[in-house]
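Listed below are the residues making up each chain.
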Amino acid sequence: MTYAITQTCCADATCVAVCPVNCIHPTPQEREFGSTEMLYVDPRACIDCGACADACPVDAVFPVDQLTGPQRAYADINAAYFAGAPAPEPPEGSPNFHVWDRPTFDRILPADFRPLRVAVVGTGPAGMYTVQDLLLHTAAEVTLIDRLPVAGGLVRFGVAPDHPATKKIGDTFARFHTHPRVRTLLGLDVGEHVSAQELAAHHDAVVYAVGASADRRLGIPGEDLAGSVSATTFVAWYNARPDVAPDAVDLSAERVVVVGNGNVALDVARILVTDPERLAGTDIADHALRALRNASVREVVVLGRRGPENAACTRPELLALTDLPGVDLVVDDHDPRIGSAIEAAEPHEIGAVLRRVRREKVDWSRAPGAARRIVLRFRSAPTEIVGRDEAIVRGVRVTGGSGDTPVSAGSVLRAIGYRGTPVPGLPFDEVTGTVPHDAGRVAGLPGTYVVGWIKRGSSGGIGANRACAAETVSSLLADAAADVLAEPAHPAKSFSRLARRRVPRPVDGRGMAAIDRAERLRGGPDGTPRTKPATVAEPGTASQRGSAR
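Residues numbered from 1 in each chain as written. Predicted model: local features only at pLDDT ≥ 70, side-chain atom pairs only at ≥ 80, totals over all residues. Heavy atoms only, no water.

Participant: Summarise the overall build of the chain; cite the residues concerned and give the values.
Facilitator: When helices and strands are tallied, the chain shows 19 helices and 23 strands. Whereas a compact globule of 549 residues would reach a radius of gyration of roughly 24 Å, the chain reaches 24 Å, a difference of no more than 12%. Taken along its principal axes, the extent of the C-alpha atoms in the chain is 70 × 70 × 50 Å. Across the 549 residues of the chain, 52% fall into the buried class. Summarising the internal contacts of the chain: among those between residues at least 6 apart in sequence, 74% fall at separations of at least 24. Counting only carbon and sulfur atoms, one obtains 51% of the accessible surface of the chain, whose full area is about 24500 Å². Both charge centroids of the chain, one from 60 positive and one from 65 negative side chains, sit 5 Å from each other. (Helix = DSSP H or I, 4+ residues; strand = E, 2+ residues; numbered from the N terminus. Rg over C-alpha atoms; globule rule 2.2 N^0.38 Å. Buried < 20%, exposed > 50% of the residue type's maximum accessible area, 1.4 Å probe, protein only. Contact = heavy atoms within 4.5 Å. Areas by Shrake-Rupley, 256 points an atom, 1.4 Å probe, with all protein chains shown as cover. Lys, Arg positive; Asp, Glu negative; His and termini not counted. Charge placed at Lys NZ, Arg CZ, Asp CG, Glu CD.)

Participant: Please provide a residue-by-residue account of the environment of Thr172, values included.
Facilitator: Along the chain, the position of Thr172 falls in helix H7 (residues 169-174). Residues Thr172 and Asp483, 311 residues apart in the sequence, show an inter-C-alpha distance of 33 Å. Excluding anything up to four places from it in sequence, Thr172 contacts Pro57 and Gln132.

Participant: I'd like a description of the packing of aromatic side chains, backed by residues and values.
Facilitator: Counted under the stated rule, the structure contains 6 aromatic pairs. Considering the side-chain rings of Tyr81 and Phe82, the 5.0 Å spacing of their centres and the 90° angle between planes classify their relative orientation as edge-to-face. Phe82 sits in the buried class, given a relative accessible area of 8%. Here a set of aromatic residues connected by ring pairs shows up, and it is made of Tyr40, Tyr81 and Phe82. (Phe/Tyr/Trp six-rings, centres within 6.5 Å; stacked < 30°, edge-to-face > 60°.)

Participant: I'd like to hear about the nonpolar core, residue by residue, with values.
Facilitator: The nonpolar side chains of a soluble globular protein tend to be buried with one another. Counting residues in hydrophobic clusters, the biggest one holds 113 residues, and the most contacted among them are Ile24, Leu39 and Ile374. Sorting elements by how many residues they give to this core places helix H10 (residues 263-273) first, with 7 residues. Formed by 22 residues, the second largest nonpolar core is a distinct cluster that contains Ala196, Phe428, Phe495 and Leu498. (Core = buried A, V, L, I, M, F, W, Y, C linked by side-chain atoms within 4.5 Å.)

See the structure below:
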């Protein structure tokens, strides 16, 4: 029986490296890598060894005969990726039994290559893949910095709580916080507590992995009314990011409109209508769970300006919505092109997922029914958010049909993408929301590099950062080998002393471990994996107790 890759695939290609028969594609060497929704196992070549399942950091690989419920579709999804392609065979006369690319040796470092001091700013996937690469392939000493007092970035504060398998990659990264060649300083803000120039003066190189923390704007009237909230804020709220207040979100509306239909939009919609008791066993924030239990939300409308054939979400995320317990999924059939696109979709296309979803012309003048449901409205975009007394959201005007359609709603969530913000001391491109660079090298600042969304924009999931980090680290090492990096102007321990003068009690690796223990202990009695602190002060308190032992 062959294996299949499923919904939680992070596409970091760890499985590709351990496969003994090269049956997982696309590989990092192939053109399609990074552009597909996930990786796929070729059932014609798989030998059922299970190496990929053992190596997968997010538990996304299973034997086909163990797939149940909606997961059974992934046997066909994996096989469909290879449909029509000839079975791979090695060249005639080759000593190999399977097809392999030529080995490449991209990094050749001098035998006397000196240990580097590298600062990595940001503890999300991009930063941690960078740290992993440096620790595995060099003798570098790393200073790991984050402005928040707890590490994790996108894994901790961006992944939905009902996707616990995806969060497991955080365990892979956590071991680096206490690595003997890593010095962790959390709660230290580069730009506020220390300058980019000071950071550079204490290290051979600095890599910024600060992500894209701002949301994109709609640019329509009423966007700033109370009840109009960015998905950035909402996701941070239910994930207990300590700089977002527990009362930042109001769930008193019966109908919520989510603008955008990417994966984040589907996460938001799913969390809003999922039975709160199903979320009680996750690491969702306590304040969010309480609010959801008392929420009035019964219907979520997901707007996408293009047709279902061009939906911004991935098939796995959309497939998960079709079998959400206790929640109806409906496609608003307001435009004849929508049904035509769904019926014409090929099996491997996203529109095909919606074939078994009910379609109806929704009457938006009526209040939501008693049952919870998600309505997918394609070929529709908001033109105005309408407010009661110009203060509180009471509806949205959306395109579609013969003209604008009024949709009554008490809340609007903007989920049209993330955007990077300027990094003090670095150049910034206002149009793209990124730092200008050449293969990770920051323009005009030798020894300064970027990785992740601040480098390439808010595209690609967790695993995409592995290849992104490899490119940036390769540039850094090439510069070091070419002797173009200036040596640090200060001794190795002087930056820690400087940091502690600016922030008396930054959270170090031991403190982060103490926070992790405290969260797991708090969550244990309730059957949850962990209970996250809800304020900036709480993580610091836990870390101090742990460090004092």
